[in-house]
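Listed below, chain by chain, are the residues.
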Amino acid sequence: MEINQYLEVFIDESKEHLQAINDHLLVLEKNPQDITIVNEIFRSAHTLKGMSATMGYQDLSNLTHKMENVLDAVRNEKVSVDENILDVVFDSVDDLEAMVIDIAEGGTGERNVEKVVHLLQSIENGELPTTSTIPHEEPIDAHNMASNELQIDEFTSAVLEQSSEQGQNNFRVEVALREDCLLKAARVYMVFEILEQCGEVIHSQPTVEQLENEEFETSFTVLLITGESAEEIQNRINKVSEIDHVQAGVFEAPSRLETGREAETESAEQTAITKTETKADMQKQNSGEKETKQVANKTIRINIDRLDVLMNLFEELVIDRGRLEQISNELKHSELQETVERMTRISGDLQSIILNMRMVPVEQVFNRFPRMVRQLSRDLNKKIDLSVVGAETELDRTVIDEIGDPLVHLLRNALDHGIESPDVRESKGKSPTGKLELKAYHSGNHVFIEISDDGGGINRDKVEQKAIANNVVTEEQAYNMTDSQVFELIMESGFSTADIISDVSGRGVGLDVVKNTIESLGGNISIDSVPGEGSVFSIQLPLTLSIISVMLVEVQKEKYAVPLSSIIETAIVKKEEIMHAHNKKVIDFRGKVVPLVFLKDILEVPETLEEDDYYSVVIVRKGDKMAALVVNSFIGQQEVVLKSLGDYLSGVFAISGATILGDGQVALILDSNALIK
Amino acid sequence: MSEQDKQMLKVIVFQIKDEEYTIPVEQVGSIERIMPITRVPGTKPFVKGVLNLRGVVTPIIDLRERFEIESTDNTEQTRIITVTIQGLNVGLIVDAANDVLDLDESTIEPPPEVIGTVEAEYIQGVAKLDQRLLILLNLEKVLSKEDVHLLNKVHV
């Protein structure tokens, strides 16, 4: 099917629109009077409807249509926004989401949505108890469509205006067939034949389609632009048999504003997409000034695999660039050198662009949380004020994909067990509304994500007791631990059993999973908490999994890369400064005893260089422990692309991977964690 | 007609010391000239290290060392044959890559008890072609993962 090639785009865009609807609904909840927000929601819903109809997902399209009707009623101030309505709309968004997910998973997007549809319908009909002041109008049925009021849209009225400026006549022609007419459609056809000979039919009510299907009583009305006189037309039509009467009169186009309103009510009742399409256009005109504030985001979607291929190709280029540099330096040809230098600069820029392409704002993950928090706080009968800070912070796509679930877990935890119920809060002298903050920011080579609440905090004693009882730590160990070390115990795997939930302000459910996920991403998580004042869960993540900053060092003649994230600093120490403890060489580093690790021994580097009186050391850490790696020289800091050593050599001691340097050679990346016991 | 029924095996022929070895052409990715190799510590001597093969870090095995044949310096003829076995991408250092041949499977014989200095377990069979004796290698055995790492790891 040709549809398949659009399916991915359809799913992505549907998700985006649903997200936009969700976001705007949350804003609307806070500002129920703001019609512009409703317009935004309407626009997303409308696009979604159109898309799903085009793709042939009828259920999706139908439900969206129902939702759109409600939104339209809100927009036209027939229904005012209140919690009941929002709940129903939220529910329908949930259903829509489920449908889209079903489609994404290869389903048909079918779903039983009777209940929601029913609720939406009753809102639309003003049946649901709302504070609505303006009664909902009766839907226009085929019968009164043919009544005196002709509803035309803006486009039609524009055409009418134009034609009268050109000296044409705008006639409103009402044709009534005889009650006993047998072939109504045939008569209509004949009438239209005549009308089209006289001029141009620009509008008909009921629509031509309905007329052809005989979906009308006995009369219909058309708008005709013609050079003929009204009488002439009447006479001509009267020649058709079985016509009861014909009346043609000059049609006065109503003022623009009125047309707009009428057309809106009309097209809201139309299912035909073509109709509603016009309405969307019209809407854009209506809210033209608001449209401008939405800056068009010009993006294309790229499969991440393609970026990987691009990256690999680029590395090839970098390698050849390195060779070219070498050659040009040897030849000392100035023009060649100049060109190579330029190429180096340009490819450097290109490199940073390619690397940046993989970066996406953390917003992609964050934007689903306000909705989740809303729902959760309702379920838990808590009042929560969620603020999101730094959603624009960028992270590598691979990290983004993984970080969502741990965050959901932590937010749930904070909501469920961190923040107290309103009455408890009040009794403690706090505001009944709990504060929850989700914050992301860059710091150095890392991104930090913090989840802070102003809830009850963690009770150190209880955690300690539980940890000792569960054999996670000994009593002595617990005594010597800092507060945050104790708090981090709740993320130990031995801690997450169900009965702890109530004991330790509930934290500890599956937090070990959270910790594992984050650590597998090369990040770490720490907890800070003040009893009675709240807790902060802080997650540190590498900017990306594929590019890391390293310090290149030389061990004898071999080059190794030490990840910058584990380096504290570099130093040069004199041989005399080295002390011995337990037969081990150590140095005094800022008052701490740090063991020396001779890389050339551990890595069994064939020795070639003579030792001098100084040692160059890289001081690395693993948690609170440190080690000083002895190298021969520092080459410098560099961003490198992380490559695996492959299955064949996996698990080599103290080596976490490899990278390709500018000269095309492979340098190994040291796993400093393995070097510290 | 019987000519066509013969099972033909297309192989790459390469040389280590004085012997000629073959591997099926489907298993071969490419044949490269020798390039700078980065040593990987903590591996057996026959693992020469890794090299960058068009952006892919590829482990390199010295077949001489693997077969415990005395090592010589690389020459102009030295080649790296990259092979793919069970998803593993590995480069093999050989003294020279000579030929591509069609072997008639009926000429392949099971390995004799002892052939030169190479342990018999790597050998799938031998084929006689005119005056040449070709040794068919069992790459799965040559590349067995188990004995890649050195057992006595250094700890701090």
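Predicted model only: the values in this text are computed from it and were never measured. (Residues numbered from 1 in each chain as written. Chains lettered and ligands numbered in written order. Predicted model: local features only at pLDDT ≥ 70, side-chain atom pairs only at ≥ 80, totals over all residues. Heavy atoms only, no water.)

Caption draft 1: Examining the interface of chain B and chain A more closely. If you look at the interface, chain B gives 32 residues, while chain A gives 32 residues. In total, about 2,600 Å² of surface goes out of reach between chain B and chain A, with carbon and sulfur atoms giving 64% of it. At the junction of chain B with chain A, the criterion picks out 1 salt bridge. Between Glu558(A) and Arg39(B) there is a salt bridge; the shortest N-O distance is 2.6 Å. Where chain B meets chain A, there are 4 residue pairs in polar contact (both at pLDDT 80 or more). Mapped by element, the contributors of at least two residues to the side of chain B that touches chain A are β4 (47-53), β5 (56-62) and β7 (88-94) of chain B. Looking at the side of chain B that touches chain A, its residues break down into 19 nonpolar, 9 polar and 4 charged. (Contact = heavy atoms within 4.5 Å. Buried area = accessible area lost by both parts, 1.4 Å probe. Salt bridge = Lys/Arg side-chain N within 4 Å of Asp/Glu carboxyl O. Polar contact = N/O pair within 3.5 Å; in protein donor to acceptor, adjacent residues only side chain to side chain. Helix = DSSP H or I, 4+ residues; strand = E, 2+ residues; numbered from the N terminus. Nonpolar A, V, L, I, M, F, W, Y, C, P; charged D, E, K, R; others polar.)

Caption draft 2: Representation of the environment of Leu177(A). Residue and element names in this part refer to chain A. Turning to its location among the elements, Leu177 is positioned in strand β1 (residues 169-177). You can call Leu177 buried: its relative accessible area is 3%. Along the primary structure Leu177 and Glu217 are separated by 40 residues, whereas in three dimensions their C-alpha atoms are 8.8 Å apart. Ignoring sequence-local partners within four residues, the contact set of Leu177 consists of Lys184, Arg187, Val188, Phe216, Thr218, Glu242, Ile243 and Asp244. (Buried < 20%, exposed > 50% of the residue type's maximum accessible area, 1.4 Å probe, protein only.)

Caption draft 3: How the structure looks around the nonpolar core. Formed by 61 residues in total, the largest nonpolar core has its most connected members in Leu645(A) and Leu63(B). A total of 4 residues in this core trace back to one element, the largest contributor, which is β7(B). Those residues in contact with Leu63(B) that lie beyond four places of it in its chain are Phe14(B), Ile16(B), Leu92(B), Ile93(B), Val94(B), Leu137(B) and Val142(B). Ile403(A), Val408(A), Ala467(A) and Val473(A) belong to the second-largest nonpolar core, a separate cluster that totals 50 residues. (Core = buried A, V, L, I, M, F, W, Y, C linked by side-chain atoms within 4.5 Å.)

Caption draft 4: Structural view of the confidence of the model for chain A. Summary statistics for chain A give a mean pLDDT of 77 and a share of 83% for residues scoring 70 or more. A low-confidence stretch, residues 497-509 of chain A (pLDDT under 50), is modelled with 38 contacts involving residues beyond four sequence positions or located in other chains. (pLDDT = per-residue confidence, 0-100.)

Caption draft 5: The pairing of strand β18 (residues 614-622) of chain A, seen in detail. Judged from the 7 bridges that link them, strand β14 (residues 567-574) of chain A and β18(A) form a sheet pairing that is antiparallel. Along β18(A), the bridge assignment pairs Ala571(A) with Val617(A). (Pairing = 2+ DSSP bridges.)

Caption draft 6: Here's a closer look at a negative patch on the surface. Residues and elements named next belong to chain A. Together, Glu576, Glu577, Asp588, Asp612 and Asp613 make up a negatively charged patch on the protein surface. Take Glu577: it is sitting in the loop between β14 and β15 (579-581). Residue Glu577 is classed as partly exposed on the basis of its relative accessible area, which comes to 45%. (Patch = residues over 30% accessible without salt bridge, like charges linked within 9 Å, V, L, I, M, F, W, Y side chains within 5 Å. Areas by Shrake-Rupley, 256 points an atom, 1.4 Å probe, with all protein chains shown as cover. Lys, Arg positive; Asp, Glu negative; His and termini not counted. Charge placed at Lys NZ, Arg CZ, Asp CG, Glu CD.)

Caption draft 7: Focus on helix α18 (residues 397-418) of chain A. The end-to-end C-alpha distance of α18(A) is 30 Å, a good match for the 32 Å that 22 residues give at a rise of 1.5 Å each. Maximal helix bending in α18(A) amounts to about 35 degrees, located at Ile403(A); proline Pro406(A) follows within four positions. (Expected span 1.5 Å × (residues − 1). Bend = angle between axes of the 7 residues up to and from the residue.)

Caption draft 8: Seen up close, the sheet that holds strand β9 (residues 446-453) of chain A. Residue and element names in this part refer to chain A. Across the sheet, which stays open at both edges, the 5 strands sit in the order β6-β8-β9-β11-β10 with mixed pairing between neighbours. Across the chains shown, the open sheet's two edge strands, defined by having one partner strand only, are β6 (383-389) and β10 (524-530). Taking each pair of neighbouring strands and ignoring which way they run, the sheet shows an average axis angle of 15 degrees. As paired strands, strand β8 (residues 433-443) and β9 are joined by 8 bridges and run antiparallel to one another. Across the sheet, residue Glu437 finds its bridge partner in β9, namely Ser452. Sheet contacts for helix α17 (residues 369-379): β6 and β8; angle to β6, the most-contacted strand, approximately 170 degrees. Of the strands in this sheet, β6, β8, β9, β10 and β11 (534-542) are in contact with α18, which crosses β9 at around 20 degrees. (Axes fitted to C-alpha atoms, helices over the stretch in contact; angles between N-to-C directions.)

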